[in-house]
Amino acid sequence: MNTKFLLALVFALQVSVSLSDVAAPSQELVDKYEAMKATFYKRLLNAYGKVHGAVSQTDQAQMARDFIESLKDKPELQAVVKVASGLGTEAAPIVDRARSSLLGLYEQYLRPQVGDGLSRAIDQIKLFLDQVMPAE
């Protein structure tokens, strides 16, 4: 039983060491990722603006605004917002390192096999999104 436990421990340590040696992604891949992320956020903001403009004139929108204004004064909500913003600040470096590691893993292992097909698929999706949810 102890031998099995020792082998499992050695295997777990070996896997954790091999995962920590992930190569950093190339600057070209990081730039491409950042450009796609920025475009996606622009699309979301544009869609939100259109929906907000269409809905903001209704009575329900006014009731929702009044409700949100009443929530802003509650100390419980302010505490939750402070905790959530603190967690977001603490988690940001961890998320950045995880994103960098995943991009490095993708570039090292997956990009040679699926990179061209994925790039073509993303270009097709962009064409569709430009019609349905434009970034500008």
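Predicted model only: the values in this text are computed from it and were never measured.

Reading the values: the criteria
- Residues numbered from 1 in each chain as written.
- Predicted model: local features only at pLDDT ≥ 70, side-chain atom pairs only at ≥ 80, totals over all residues.
- Heavy atoms only, no water.
- Helix = DSSP H or I, 4+ residues; strand = E, 2+ residues; numbered from the N terminus.
- Contact = heavy atoms within 4.5 Å.
- Salt bridge = Lys/Arg side-chain N within 4 Å of Asp/Glu carboxyl O.
- Buried < 20%, exposed > 50% of the residue type's maximum accessible area, 1.4 Å probe, protein only.

S.K.: Now, about the side chain of Asn 46: what can you tell me, with residues and values included?
M.R.: Checked against the element boundaries, Asn 46 lands in helix α2 (residues 27-55). Setting aside residues no more than four positions away along its own chain, Asn 46 makes contact with Pro 134, Ala 135 and Glu 136.

S.K.: Any details on the pattern of salt bridges? Residues and values, ideally.
M.R.: One pass over the full model with this rule turns up 5 salt bridges. Close ionic contact of Asp 130 with Arg 43 constitutes a salt bridge, the shortest N to O distance being 2.8 Å. Residue Asp 130 is located in helix α4 (residues 75-132), and its partner Arg 43 is located in helix α2; the two are separated by 87 residues in the primary sequence. Judged by relative accessible area, Asp 130 falls into the partly exposed class, the value being 42%. Across the pair Glu 107 and Arg 111 runs a salt bridge whose closest N-O atoms are separated by 3.5 Å. One end of the pair is Glu 107 and the other is Arg 111, both in helix α4 and 4 residues apart, which spans about a single turn. Accessibility expressed as a relative area gives 21% for Glu 107, which makes it partly exposed. Here Arg 111 falls in the partly exposed class, since its relative accessible area comes to 21%. Salt bridges linked by common partners bring Glu 28, Glu 107 and Arg 111 together as one network.

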